[in-house]
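Given next are the chains, with one letter for each unit.
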Amino acid sequence: MVDQWKSGGDIAIWHVEEPPTDPGEQADAHEQQLQDAEETFASVNVIYATNPQAAADQARREACETSERIHRDLTDP
């Protein structure tokens, strides 16, 4: 999944795909996605899910949890 953090727990999901079955091809594809994402200030996240929508939903949940944790850490004495 290629996405970009927008604000709070909101992310823009740009691309979701199933990984290649060959481990070498998978590593190469992941490396290329990391390079492409770096140029656009995006990130590549590996999420294991049953389908693309479930992966997107999980990514959004994780972004919200991370945002809440950061907010809590910044506001708690």
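Residues numbered from 1 in each chain as written. Predicted model: local features only at pLDDT ≥ 70, side-chain atom pairs only at ≥ 80, totals over all residues. Heavy atoms only, no water.

## Topic: the pairing of strand β2 (residues 10-15)
Across a regular strand the side chains alternate sides, sitting on one face of the sheet and then on the other.
Step number 1: Looking at chain direction, strand β1 (residues 2-7) and β2 are connected through five bridges and run antiparallel. Across the sheet, Q4 pairs through a bridge with A12, a residue of β2.
Step number 2: Two successive antiparallel strands, β1 and β2, enclose a turn made up of two residues, where G8 displays a positive phi of approximately 55°. (Pairing = 2+ DSSP bridges. Helix = DSSP H or I, 4+ residues; strand = E, 2+ residues; numbered from the N terminus.)

## Structural notes on the pairing of β1
Step number 1: Inspection of the sheet shows β1 paired to strand β3 (residues 43-44) by two bridges, in the antiparallel sense. Residue pairing in the sheet places V2 in a bridge with V44 of β3.

## Side note on the sheet that holds β3
Step number 1: The strand order across the open sheet formed by three strands is β2-β1-β3, and the pairing between neighbours is antiparallel. Of all strands in the sheet, those with a lone pairing partner are β2 and β3, marking the two edges.

## Overview of a negative patch on the surface
Step number 1: A cluster of acidic side chains, namely D22, E25, D28 and E31, defines a negative patch on the protein surface.
Step number 2: By the secondary structure assignment, E25 is in helix α1 (residues 23-39). (Patch = residues over 30% accessible without salt bridge, like charges linked within 9 Å, V, L, I, M, F, W, Y side chains within 5 Å. Areas by Shrake-Rupley, 256 points an atom, 1.4 Å probe, with all protein chains shown as cover. Salt bridge = Lys/Arg side-chain N within 4 Å of Asp/Glu carboxyl O. Lys, Arg positive; Asp, Glu negative; His and termini not counted. Charge placed at Lys NZ, Arg CZ, Asp CG, Glu CD.)

## Quick word on the environment of Y48
Step number 1: Along the chain, Y48 turns up in the loop between β3 and α2 (52-75).
Step number 2: Taking C-alpha positions, Y48 is 9.5 Å from E18, a pair spaced 30 residues apart along the chain.

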